[in-house]
Each structure stands twice: as C-alpha cells, then as structure tokens.
Amino acid sequence: MRLLGIDLGTKTMGLAISDVEQKYISPLKKFDFKNENYSLCVKEIEKIIIQYQNEIEKIILGYPTKMNKEKTEWTYKVIEFKKILQKATHLPVHLQDERMTTIEANTIMKEELNFKGSMMKKKKDIISAIVILEQYLNSCKKK
C-alpha cells in the first residue's frame, strides 16, 4: 500500500507519494490555496486518494517544531489539521519531524537537481514532501 507525504504551509502544500511496495517516492504536486484555507487542502487530498483507488494506507504529515523541539503556533495548527484530515479521510495520519527538511530540500535542489532561483521556489514544497516521506520510510527500516 502507498503512503502520501505532505508538507503543509500557510499558502501551499507539497505532496509526494510512495509506490505500493514503499521503496520509491514520486513527487505529486504543489497545491496553492488562500491563506490557511485548509478545507481546500483536505478536498485536494481526498481527490488524490480517489485517484489512487484507495491504495493509500497512511498519510505522513510534516510536523514543525523549533530546533530544540519546542512547539510553536504553527505546530498547533498542523496538529489541528491532522485531526481534520483523519476525520475526513478515515486514514491514519503520522506526524513526521520536519526539522531540517527545508535545508535538505534546498541542498537536493541545488546540488543534485541544479535548480536555481524561481525553480527552487516552485519546487521547494514538493521536494520537502519527498524528504518528509523519505525520513519516515527510513525510520521504519531502522525499527
């Protein structure tokens, strides 16, 4: 079964998906929405679940905290989004630590993909979703 990775922002959402065997991750899309209109995000995620014919078994949502793991206002918004998403999709939603994912995504875009300026801005959320999902899969392998 597949996993759906999400990097949620205030105006954009990056989405990535695993293959059925959870060995490979593919970028899905960047979804733009009006400032904190998360009902649109939920609807978009529901469309993706239908598109993948209910093969998605779990959602992996980036969990933002400060570097010292202290929660922020944004952390609480993501926790609330998790609850809404679980209720709407009836899927388990796992919160994955996303500290350092933006730095890792920027490194990947610069060094491996040779992205520059505006291309980096366009793809940052999708690459971050891939990193979040990859970190989750790696943590599962270690267990």
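Use the structure listed above.
Below, the structure is looked at part by part. (Residues numbered from 1 in each chain as written. Predicted model: local features only at pLDDT ≥ 70, side-chain atom pairs only at ≥ 80, totals over all residues. Heavy atoms only, no water.)

## What to know about helix α1 (residues 38-51)
Reasoning step 1: Under the 1.5 Å per step criterion, the end-to-end length of α1 is 20 Å for 14 residues, consistent within 8% with the ideal 20 Å.
Reasoning step 2: All of the buried residues in α1 are Tyr38, Cys41, Val42, Glu44, Ile45, Ile48 and Ile49. The buried residues of α1 occupy an angular sector of 160° when the element is viewed end-on, so they sit on one face. Away from its buried face, by an angle of more than 90 degrees, α1 presents the exposed residues Lys47, Ile50 and Gln51.
Reasoning step 3: Contacts made by the buried residues of α1 are with β1 (2-8), β2 (12-18), β3 (25-32), β4 (56-63) and α2 (73-89).
Reasoning step 4: At the exit of α1 stands Gln53, carrying a positive phi of roughly 50°. (Helix = DSSP H or I, 4+ residues; strand = E, 2+ residues; numbered from the N terminus. Expected span 1.5 Å × (residues − 1). Buried < 20%, exposed > 50% of the residue type's maximum accessible area, 1.4 Å probe, protein only. Arc of directions from axis to C-beta. Contact = heavy atoms within 4.5 Å.)

## Brief notes about the side chain of Glu44
Reasoning step 1: Along the chain, the position of Glu44 falls in helix α1.
Reasoning step 2: Of the residues examined, Glu44 reaches a relative accessible area of 8% and is grouped as buried.

## Remarks on the layout of surface pockets
Reasoning step 1: There is about 200 Å³ of room inside the largest pocket.
Reasoning step 2: Taken together, the elements giving at least two residues each to the lining of the largest pocket come down to β1, α3 (101-112) and α4 (117-142).
Reasoning step 3: Of the residues forming the lining of the largest pocket, the biggest block, three residues, is contributed by α4.
Reasoning step 4: For the lining of the largest pocket, the class distribution of residues is two nonpolar, six polar and five charged. (1 Å grid on protein atoms, 1.4 Å probe; cavity = no way out; pocket = protein on both sides within 12 Å on 5 of 7 lines; lining within 4 Å. Points joined across faces, edges and corners; volume = space filled by probe spheres on them. Nonpolar A, V, L, I, M, F, W, Y, C, P; charged D, E, K, R; others polar.)

## Some remarks on the sheet that holds β4
Reasoning step 1: Spatial ordering of the open sheet is given by β3-β2-β1-β4-β5, a layout of five strands whose pairing is mixed. Two strands bound the open sheet, and with one partner strand each, they are β3 and β5 (93-97). Neighbouring strand axes in the sheet, compared pairwise and without regard to direction, differ in orientation by 25° on average.
Reasoning step 2: Where β1 and β2 come together, five bridges link them in antiparallel fashion. If you follow Ile6 over to β2, its bridge partner there is Leu15. (Pairing = 2+ DSSP bridges. Axes fitted to C-alpha atoms, helices over the stretch in contact; angles between N-to-C directions.)

## Concerning unusual backbone geometry
Reasoning step 1: Here Asn54, not a glycine, exhibits a phi torsion of approximately 60°, which is positive.
Reasoning step 2: Inspection of the secondary structure puts Asn54 in the loop between α1 and β4.

## Brief notes about the pairing of β1
Where a strand is regular, its side chains alternate between the two sheet faces.
Reasoning step 1: Summarising burial for β1: seven of the seven residues are buried, a large majority.
Reasoning step 2: What you see with β1 is no split at all: Arg2, Leu4, Ile6 and Leu8 on one side and Leu3, Gly5 and Asp7 on the other are buried throughout.
Reasoning step 3: In this structure, β1 lies alongside β4, joined through five bridges in parallel fashion. Residue pairing for β4: Leu4 is matched across the bridge by Ile59.
Reasoning step 4: Count of turn residues in the β1/β2 antiparallel hairpin: three residues.

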